[in-house]
Amino acid sequence: MGRVVARVSGPQKPEDVLLDVFALSFLTIIIAAYTANVGLYLSIALGVIDGVLFIMMLRRIVVATFTVDGLVIGRGGRRGRVFIPRDVVVAGNVVCIERDSRGRSYNMRVAYGGRVYTISLMNKRLVDKMVDRLRRNWGWVPPECPST
């Protein structure tokens, strides 16, 4: 692998992670506030559930790393990454950027080898930074996704 040009990461489905974050926060608050009242064993059980939710949340993270040679897609907590050569990404229309249906954020969609990875990009500044780096290093700008 060559030098890293741009790296973006985010949850594959942000709405699923939001539920995990709420559950994680709720259990953490209960453990912190009521450890003496609910008993030692229940606190340990809630702590284990808290840890499992955190690990589940990390496994849903997708990392896309644009290098000089190509694009590397990795999923959080799982072995194996997908490498897509630079020429295939540029010519094959593999990567596209779309505005979220609610209009608040952007999604980067990578469709390759029968799999579709969707990474939520939280703000316009992150998208502009990634596009600028790809324009400077690859001479390419990711297109907008076709509307379905």
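Residues numbered from 1 in each chain as written. Predicted model: local features only at pLDDT ≥ 70, side-chain atom pairs only at ≥ 80, totals over all residues. Heavy atoms only, no water.

**Student:** How should the sheet that holds strand β7 (residues 115-121) be read in this particular structure?
**Tutor:** Hydrogen bonding along the main chain pairs the strands of a sheet, whether they run parallel or antiparallel. Here we have three strands laid out as an open sheet, ordered β5-β6-β7, and antiparallel in their pairing. Of all strands in the sheet, those bounded by a partner on one side alone are β5 (95-99) and β7. Going across the sheet, the axis of each strand differs from the next one's by a mean of 25°, ignoring polarity. (Pairing = 2+ DSSP bridges. Helix = DSSP H or I, 4+ residues; strand = E, 2+ residues; numbered from the N terminus. Axes fitted to C-alpha atoms, helices over the stretch in contact; angles between N-to-C directions.)

**Student:** What should I look at first to understand the pattern of salt bridges in this one?
**Tutor:** A side chain of one charge can pair with a side chain of the opposite charge when the charged atoms of the two come close. Counted according to the given criterion, the structure contains four salt bridges. Salt-bridge contacts for D128 lead to K124; the nearest nitrogen and oxygen are separated by 3.1 Å. Placement of the pair is D128 and K124 together in helix α4 (residues 124-138), with a separation of four residues, close to one helical turn. Note on D128: relative accessible area 38%, which makes it partly exposed. Owing to a relative accessible area of 43%, K124 belongs among the partly exposed residues under this scheme. (Salt bridge = Lys/Arg side-chain N within 4 Å of Asp/Glu carboxyl O. Buried < 20%, exposed > 50% of the residue type's maximum accessible area, 1.4 Å probe, protein only.)

**Student:** Before we go on, may I ask you to explain the pairing of strand β3 (residues 70-75) in this structure?
**Tutor:** In the case of a regular strand, side chains alternate between the two sheet surfaces. Counting buried residues along β3, five of its six residues qualify, which places the element largely inside the surrounding structure. Bridge count between strand β2 (residues 61-67) and β3: five bridges; the pairing is antiparallel. Counterpart to T65 in the pairing with β3 is V72. In sequence, β2 turns back onto β3 through a hairpin of two residues.

**Student:** Would you mind going over the nonpolar core with me for this structure?
**Tutor:** One broad rule of soluble globular proteins: the nonpolar side chains tend to lie buried together. Core analysis: the biggest nonpolar cluster contains 25 residues, and F66, L71, V95, M108, V110, L121 and M130 have the highest contact counts within it. Elements represented by at least two residues in this core include exactly β1 (4-11), β2, β3, β5, β6 (106-112), β7 and α4. Element by element, the count of residues in this core is highest for α4, at five residues. Every residue in contact with V110, bar those within four places of it in the chain, is listed here: L71, I73, I84, V94, V95, R115, V116 and Y117. (Core = buried A, V, L, I, M, F, W, Y, C linked by side-chain atoms within 4.5 Å. Contact = heavy atoms within 4.5 Å.)

**Student:** What should I look at first to understand the state of the cysteines in this one?
**Tutor:** Throughout this description, disulfide means a covalent bond between two cysteine sulfur atoms. Under the criterion given, the structure shown has one disulfide. The side chain of C96 participates in a disulfide bridge whose partner is C145; the two sulfur atoms lie 2.0 Å from each other. The disulfide joining C96 to C145 has a torsion of about 90° about its S-S bond and is therefore right-handed. Taken as a pair, C96 in strand β5 and C145 in the segment after α4 lie far apart in primary sequence, 49 residues in all. One exposure class covers both C96 and C145, and it is buried. (Disulfide = S-S within 2.5 Å.)

**Student:** Mind showing me how you'd approach the environment of V72 here?
**Tutor:** Its place among the elements puts V72 in strand β3. A relative accessible area of 8% places V72 in the buried class. In sequence terms V72 and V82 are ten residues apart; their C-alpha atoms lie 5.6 Å from each other.

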